[in-house]
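# Fold and geometry: a report
Below are the chains, spelled out letter by letter.
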Amino acid sequence: MIDNIIIDGMSFALPLFVMAIGGIYSERSGITNLALEGLQGFGAFTGALVAYCLMRSMGAGSSVPYWMALIFAMIGGAVYSLLHVTLCIKFKANQVISGVVINILAVALTTFMTKTINKKVFGAPSDKFDLGVSARITIPGLSKIPVIGAFFKSVYPFEFVIIIIAIIAWYFLYKTTFGLRLRACGDNPHAVDAAGGDVAKIRALAVCVSGALSGLAGICFAYSISAKFSGDIYMGYGYLAIAGYIFGNWNLLPSLAACLIFGFARSGGYQLVQALGMPSAYSDLVMILPYVLTLFLLIFLSKNNQAPKALGETYDKSKR
Amino acid sequence: MTEDYIIEMRNVTKRFPGIVANDDVTIKVRKGEIYALLGENGAGKSTLMSMLFGMYEPDEGEIWVRGKKEEIKSPSYATRLNIGMVHQHFKLVSNYTIAENIILGVEPKKKAFGLFPYVDIKTANEKIRSLSEKYGLEVDPEKVISDVNVSTRQRVEILKMLYREAEILIFDEPTAVLTPQEIDSLLQIIKNLRDGGKTIILITHKLEEIKQVADRCAILRRGKLIDVRDVEGMDTREMANLMVGRQVQMKVEKKPAVFGKEILNIKDLRVKNDDDFEVVKGVSFNIHAGEIFAIAGVSGNGQTDIADAIAGLLPVSSGKIIVDGTDVTDMSVRKRTEAGISYIPEDRHSVGLVLDFDLKDNLALRRYYKEPFAKKGVLDPKSFEDYGTKLIDKYDVRCARGNTTIVRSMSGGNQQKAIIGREIEQDAPLTIFVQPTRGLDIGAIENIHRQIVEERDKGKAVLLISLELDEIMALADTIGVIYNGQLGKIAPAAEFTTSEVGEYMMGVKHHD
Amino acid sequence: MTDQNKTRIRVAILSVLLSLLAGAVVILILGKNPLTAYFNLLQGCGLLPKGKYGGGKSMITDLSSYIDFLTPMVFAALSYAVAMRAGLFNIGISGQMLTAGFIASITIGYSTLAAPIAKPLVLIIGIIAGMLVGSLIGFLKERFNINEVVSSIMINYIVRYVISFFIQTKYVDPVSRQSKNICDSARLTLHQIKLGGYKYDIPLGFVLAIIAVIAVKFMFDRTVLGYELHAVGSNKVAAKYAGIRTGRSLIVSMAISGALAGIAGVTYYLGYFASIQPKVLVSTGYDAIAVGLLGNNDPVGILVASFLIEIIQNGSAYMSSQSGLESEIASVITGLILLFSACNAFFLEKLAQKKAEESRKKGAKA
């Protein structure tokens with residue numbers, strides 16, 4: 001049972017974490033990003049579409065569709081995030097409104113396109129792209145260690161991808177000139193401008209990173225929890241990721257801890273329902289655990305947290 | 001023979017919606033001199049220099065650097081031309097160390113495992129230490145900006161330029177935030193820099209500083225260049241007249257004070273700011289009717305927090321505030337207002353006004369809920385209009401559309417007139433003025449000073465908090481000097497000299 | 001009307017036209033005639049006559065059903081506007097609607113009370129339920145500094161799962177898989193009433209909606225409360241300086257916003273519908289944001305905007321059946337309207353700048 005809690009918990013927590021990393025990039029650069037939910041959905045849609053097309057030509061056995069799905073989900077998320085970039089930077093829209101608008105549009109666009117493509121292209125009316133569940137890997141040796149071994153058992157391949165990306169993201173954010181300038185943008189964009197950095201460009205790039213990473217998270221959910229792409233992808237995980245990095249105080253490692261708590265709360269609840277042999281309706285109740293936990297954690301942590309200083313402010317060179 | 005100029009701005013014009021910030025201005029700066037730009041607020045000094053630093057582009061005219069015509073499109077291009085600028089509002093990242101701030105944009109890099117480039121903060125720290133020693137600019141590169149004081153931050157800004165090997169250094173109102181002693185040391189640094197071969201352009205409206213350090217001085221008025229003079233042998237009064245275009249009254253006319261009963265009594269006041277940091281540490285004083293009590297001090301020593309605590313915007317952690325016999329320490333803002341406090345806050349944009357409201361709604365901000373403005377929760381638009389019209393007329397608030405002018409679109413001077421009018425109309429026994437003349441031109445300043453004295457003569461108690469020592473010396477009947485959250489000496493204004501106040505402000509001299 | 005308002009209306013109309021144009025391009029790409037499709041939308045709402053009608057139906061039947069559909073939206077958009085007035089973004093409207101609808105259903109909807117008692121009770125319970133959820137969000141914001149968007153979304157999901165748990169375990173109708181239908185006496189829409197040979201849905205709530213529009217307009221423009229909410233929404237610090245208890249204002253605005261969402265909920269779940277689909281949050285709460293943005297947060301503007309948006313939403317089913325386009329196109333067009341409306345501020349500023357420039361030039365010439 002503990003094994004299952006760890007296995008399921010990790011496979012939920014890591015996509016959440018990678019999405020939170022994207023949010024941290026965006027918000028540390030000074031752009032409020034409530035659009036994560038829509039970005040992950042749109043990314044999942046593009047990834048799933050590509051995989052679905054490839055699966056039809058290559059057969060279900062090939063792993064190519066899977067990897068292409070991951071790549072195209074990132075591309076799709078990044079492209080769709082350009083909308084947030086345009087609204088927030090070019091059109092100086094209210095960033096909260098922009099984020100919500102993008103989420104609403106994502107739901108509308110992806111469900112409309114899924115239905116239309118299924119009907120027009122594949123000739124089979126349906127509101128989803130079936131993907132199946134990703135294959136799992138068990139690392140021999142390591143997985144035999146008691147308790148901790150579960151971290152190496154039945155691991156989805158995307159979890160390794162996420163861990164690698166997280167390390168790269170950490171390195172870029174905290175160690176490189178790009179990261180230094182990005183984080184400066186979120187505190188005092190005028191300083192970056194005066195130092196010769198291009199605030200708009202840095203922020204645009206940061207939002208695109210959040211788009212790509214959210215897209216990746218979206219396709220991971222599609223390949224694990226739902227085994228398909230459909231409107232069900234919009235489960236509010238984007239907002240959970242936001243809550244995650246708010247606890248993490250906009251830093252990577254503490255955010256990982258928060259995401260792990262969400263993951264284990266969720267998988268622990270499921271295991272409990274199963275162990276007690278309760279009917280399936282009760283799993284609905286378990287579904288609320290991460291959300292309730294989020295609210296409670298926010299109650300205890302929100303007050304002391306320090307958001308990036310320039311977060312949410314439209315940067316206008318001429319205003320000082 | 002043409003002289004050898006390092007900077008030439010020829011016939012430069014810059015327009016913003018509604019105003020011409022620079023109108024056909026030509027200035028020529030020699031290498032190795034301290035060139036001052038003198039003018040009132042809004043005369044166009046900062047705009048002119050912002051163009052030289054690439055933050056704006058001129059609409060007309062040319063900029064020549066070292067005898068070559070340049071189009072300076074960005075600050076980074078200006079940096080490549082070895083031009084640096086210390087802005088009036090520092091451009092520093094508060095959660096970064098001093099070194100990180102200095103290297104931002106020109107980061108030294110190293111490669112880990114010969115492959116992964118990373119920012120080499122160690123080398124940066126060392127280089128900054130040696131630079132700071134060379135020019136006598138003492139800083140610790142590993143300290144975080146939010147933990148250091150204003151003058152250190154200014155030194156960081158100067159080091160930023162030097163780190164980028166700037167040859168032409170622009171200072172925009174560098175002394176506005178400093179104590180007299182800090183000003184002296186800054187001016188010394190500026191001289192050192194010139195003697196080290198740098199060219200300096202100093203933007204200021206303080207005549208004394210120009211007298212002390214500048215070689216030549218260009219005078220701007222309403223966007224136009226009035227004159228360029230050698231500073232040596234020039235008279236400050238003459239400079240002042242050129243600057244404002246008329247005879248200036250340097251002193252405020254004021255009758256001797258007649259103190260009445262005690263209006264404000266502060267006992268051992270302690271206040272913590274939002275970060276739970278004690279900023280006011282046991283302050284006691286009292287103000288009588290007919291008295292102007294001024295708190296002098298360098299920015300950030302707790303003086304605005306005292307004002308906010310009296311007005312109820314910041315909670316008091318201990319101590320007592322008694323206004324006109326009523327203990328208001330634990331009262332709501334509304335109750336305090338009614339107990340007799342008028343408050344002209346430091347920040348008119350984010351505290352004193354609702355910028356998106358129109359003028360009449362702002363003028364009624366303190367009394368909208370009372371009759372005749374509201375009856376049983378329902379507003380009476382007519383009362384708002386009548387009251388607005390009355391105040392606009394009485395306090396000479398200039399606005400495009402009268403009552404319905406959106407306050408955001410008004411000039412700073414007129415916004416301040418509206419606030420002062422509104423607060424004076426409260427007819428409260430105590431009026432608090434915090435930085436009432438900041439950013440205003442001399443005409444407006446004179447007007448406000450007159451109003452403050454009038455309030456006193458009407459028998460009000462006035463608490464004046466200002467960073468401008470001249471303002472305090474001209475107006476105050478009693479002065480208290482604040483340093484590090486504590487009032488040092490409190491004494492009648494006549495017992496202080498300006499430099500003495502300065503020493504208390506610095507914490508050099510302590511209360512005996 | 002001031003120049004500013006005229007410009008605002010112009011910009012709003014422009015964003016609708018742009019969205020319809022963008023939608024038309026999509027429809028063209030799918031090989032359909034956009035004009036016919038838009039024509040179908042109007043027909044579906046009873047604003048234009050259809051080619052033929054089924055038994056007992058007429059254009060007025062469609063119109064009455066459209067008004068019935070529109071009623072919750074007016075309340076929901078007003079709910080958004082009241083919160084926005086105080087600077088809060090109530091994205092939890094759908095959750096508040098569901099809570100109100102569910103509680104009213106199980107308390108009154110399944111009771112045997114007579115209509116004159118049941119209907120007002122449904123309304124009151126809806127208001128209270130919505131108000132409680134709304135104030136909770138306001139309280140969390142004020143007391144614990146929790147971003148209202150995040151907390152509303154969390155509450156949305158919690159409410160959705162908890163209520164679906166109760167529906168599935170206690171109130172489910174085994175055939176429809178939805179909650180059991182409420183009794184007609186508690187329903188706020190007089191459903192399928194026969195008049196002169198045709199059937200109509202008469203939404204009692206619509207009268208209330210018109211009253212609510214006027215009441216909110218009055219509250220915004222002419223009351224101390226409206227002045228205070230606006231001050232808090234525009235500048236919280238200045239509002240505090242003015243002696244306004246800002247925390248209380250936030251909670252009050254969320255309470256009113258929640259109450260309006262509650263009415264939206266009961267007019268939806270116990271009016272337009274008579275049952276609740278488990279695990280689903282209606283899109284009305286999100287579309288309300290589009291309506292609010294488009295109507296520039298002005299109650300009258302909102303009424304006009306909700307007429308417009310609901311034509312697209314309500315007419316889409318008929319359009320879909322006639323043209324074979326997926327009905328989700330309606331949401332796409334609504335989303336586009338949202339997108340363009342979000343840029344309104346930018347265009348308004350540009351226009352204002354242009355005007356200032358022109359007047360300056362004129363001044364220079366004179």
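All values derive from a computational prediction rather than experimental measurement.

Each helix and strand in chain C was counted, giving 14 helices and 2 strands. The C-alpha extent of chain C, read off along each of the three principal axes, is 75 × 55 × 35 Å. Every one of the 366 residues in chain C was classed for burial, and the buried ones make up 57%. Long-range pairs, those at least 24 residues apart, make up 73% of the contacts in chain C with a sequence separation of at least 6. Working note: accessible area of chain C is about 14,800 Å², and carbon and sulfur atoms make up 65% of it. Within chain C, one finds 32 positive and 18 negative side-chain charges whose respective centroids are separated by 2 Å.

The next point concerns the domain arrangement of chain B. Residues and elements named next belong to chain B. Here chain B is described as being made up of domain 1 (5-244), domain 2 (249-340 + 428-512) and domain 3 (354-426). For domain 2 and domain 3, the distance between their C-alpha centroids amounts to 26 Å. In this complex, domain 2 contributes 13 residues to the contact, which on the side of domain 3 involves 12 residues. Taken over both partners, the interface formed by domain 2 and domain 3 buries close to 1,000 Å², and the fraction arising from carbon and sulfur atoms is 57%. Taken as a group, Arg 334, Thr 337 and Gln 451 account for 38% of the area that domain 2 buries against domain 3, more than any other trio of residues on that side. Inspection of the domain 2/domain 3 interface yields 0 salt bridges. Taken together, the elements giving at least two residues each to the side of domain 2 that touches domain 3 come down to helix H10 (333-340) and helix H15 (442-457). At 4 residues, H15 tops the list of elements feeding residues into the side of domain 2 that touches domain 3. For the side of domain 2 that touches domain 3, the per-class residue count stands at 5 nonpolar, 4 polar and 4 charged.

What follows concerns the side chain of B:Arg216. All names here are of chain B. With respect to the helices and strands, the residue Arg 216 is situated in strand E11 (residues 216-221). Overall, the relative accessible area of 10% leaves Arg 216 in the buried class. A distance of 2.6 Å separates a polar side-chain atom of Arg 216 from the backbone oxygen of Lys 28. Look past the residues within four positions of Arg 216 in its chain and what remains in contact with it is Tyr 5, Lys 28, Val 29, Arg 30, Glu 33, Ile 34, Tyr 35, Ala 36, Val 228, Arg 229, Asp 230 and Val 231.

Residue and element names in this part refer to chain B. Strand order across the open sheet formed by 6 strands is E18-E21-E22-E15-E23-E24, with mixed pairing between neighbours. At either margin of the open sheet sits one strand with a lone partner, and together these are strand E18 (341-344) and strand E24 (486-492). Averaged over all pairs of adjacent strands, the angle between their axes in this sheet comes to 15°, without regard to strand direction. Strand direction decides the pairing type here: E18 and strand E21 (residues 430-434), joined by 4 bridges, are parallel. Within the sheet, the bridge partner assigned to Ile 344 lies in E21 and is Phe 433. Helix-sheet contacts for H10 involve E18 and E21, and the interaxial angle to E18 is about 110°. The sheet strands contacting helix H17 (residues 498-506) are strand E15 (292-296), strand E23 (478-483) and E24, and the helix crosses E23 at an angle near 30°.

All right, on to the interface of chain C and chain B then. Often, the extent of an interface is quoted as the loss of accessible area upon association of its parts. With 20 residues of chain C at the interface, the matching set in chain B holds 31 residues. A combined buried area of about 2,300 Å² lies between chain C and chain B, and 63% of that area is made up of carbon and sulfur atoms. Interface area lost by chain C to chain B is led by C:Arg222, C:Tyr227 and C:Tyr241, which between them contribute 37%. Viewed at the interface, chain B and chain C are joined by 0 salt bridges. The interface formed by chain C and chain B holds 14 residue pairs in polar contact (both at pLDDT 80 or more) in total. Among the elements that line the side of chain C that touches chain B, the one with the most residues is helix H8 (residues 224-234) of chain C, at 6 residues. Tallied by class, residues from the side of chain C that touches chain B come to 9 nonpolar, 5 polar and 6 charged.

What counts, and where the lines are drawn
- Residues numbered from 1 in each chain as written.
- Chains lettered and ligands numbered in written order.
- Predicted model: local features only at pLDDT ≥ 70, side-chain atom pairs only at ≥ 80, totals over all residues.
- Heavy atoms only, no water.
- Helix = DSSP H or I, 4+ residues; strand = E, 2+ residues; numbered from the N terminus.
- Buried < 20%, exposed > 50% of the residue type's maximum accessible area, 1.4 Å probe, protein only.
- Contact = heavy atoms within 4.5 Å.
- Areas by Shrake-Rupley, 256 points an atom, 1.4 Å probe, with all protein chains shown as cover.
- Lys, Arg positive; Asp, Glu negative; His and termini not counted.
- Charge placed at Lys NZ, Arg CZ, Asp CG, Glu CD.
- Domains from an automatic or database assignment.
- Buried area = accessible area lost by both parts, 1.4 Å probe.
- Salt bridge = Lys/Arg side-chain N within 4 Å of Asp/Glu carboxyl O.
- Nonpolar A, V, L, I, M, F, W, Y, C, P; charged D, E, K, R; others polar.
- Polar contact = N/O pair within 3.5 Å; in protein donor to acceptor, adjacent residues only side chain to side chain.
- Pairing = 2+ DSSP bridges.
- Axes fitted to C-alpha atoms, helices over the stretch in contact; angles between N-to-C directions.

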